[in-house]
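Chain residues, written in single-letter form:
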Amino acid sequence: MTMDDQNFLRERFHAVIPGGAHTYAKGDDQFPETCAPYLVRGRGCYTWDTQGKQYIEYGMGLRAVTLGHACDRINQAVYRQMQLGSNFTRPATIELECAEKLRTVVPAEMVKFGKNGSDATNAAIRLARAYTGRDLVAICADHPFFSVDDWFIGTTRMNAGVPKAVQELTVQFRYNDTSSLETLFAEYPDKIACIILEAEKDVAPKDEFLHRAKALCH
């Protein structure tokens, strides 16, 4: 694909889709200009663009596509389930089966499925606020994305439309910096509902940072 072709497709995307992508993480501003352009299909760890050029897709759906694209076993299982219908008004037995299966893998008391990561983090924040009766959320400033909801987006450069009062309910700390957390808890005594961070991203935790952060929360 030539640069002209890629620019033409980019213009088409941006003409009908705000930001040029339906997912924040797929937006042009999240990748260098030299990355893989617009894709049409995938198989295993490979993807192909509109000109048939092949790429190894390291990202794999933000690391969620662990078995690769178009896995035959998964495709057939999805097809069989589609023949039974989907999106029923009442709960389907497959929801129970999935929840019970997950509990054999993850030591959880109960299971609640979400459609995306934002659903999960939003629920966690709301539960923390409900349980503690506090409003402030402390996020790790060294981790790039937590949610499309106002409590996080209000801290980014794309904060237009998020009320200032909501923006002020989120404070930040640094990864592997216990003192930055201690400072927040001292500055906002009995006001922080929870902290949210990735357990490990590109830097490993050190000096028992995660344990010390958990102890501070308790």
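Let me begin by describing the structure that accompanies this report. (Residues numbered from 1 in each chain as written. Predicted model: local features only at pLDDT ≥ 70, side-chain atom pairs only at ≥ 80, totals over all residues. Heavy atoms only, no water.)

On the secondary structure map, Thr-178 appears in helix H8 (residues 178-187). On the accessibility criterion, Thr-178 (10% relative accessible area) is buried. Excluding residues that lie within four positions of it along the chain, Thr-178 makes contacts with Phe-209, Arg-212 and Leu-216. (Helix = DSSP H or I, 4+ residues; strand = E, 2+ residues; numbered from the N terminus. Buried < 20%, exposed > 50% of the residue type's maximum accessible area, 1.4 Å probe, protein only. Contact = heavy atoms within 4.5 Å.)

Residues other than glycine seldom take positive phi values, yet Asn-87 does so here, at roughly 55°. Within the element layout of this structure, Asn-87 appears in the loop between helix H3 (72-82) and helix H4 (93-103). The class for Asn-87 is exposed, based on a relative accessible area of 78%. Notably, Asp-190 is not glycine yet its phi reads approximately 60°, a positive angle. Secondary-structure assignment places Asp-190 in the loop between H8 and strand S6 (192-196).

This next bit is on the sheet that holds strand S2 (residues 46-49). Taken in spatial order, the 3 strands of this open sheet run S1-S2-S3, and their pairing is antiparallel. Bordering the open sheet on either side are strand S1 (39-43) and strand S3 (54-56), each of which pairs with just one other strand. Within this sheet the neighbouring strands show an average axis-to-axis angle of 30°, counted without direction. For S2 and S3, the ladder comprises 3 bridges, and the chain directions are antiparallel. (Pairing = 2+ DSSP bridges. Axes fitted to C-alpha atoms, helices over the stretch in contact; angles between N-to-C directions.)

Bear in mind that shape data such as this cannot, by itself, settle questions of function.
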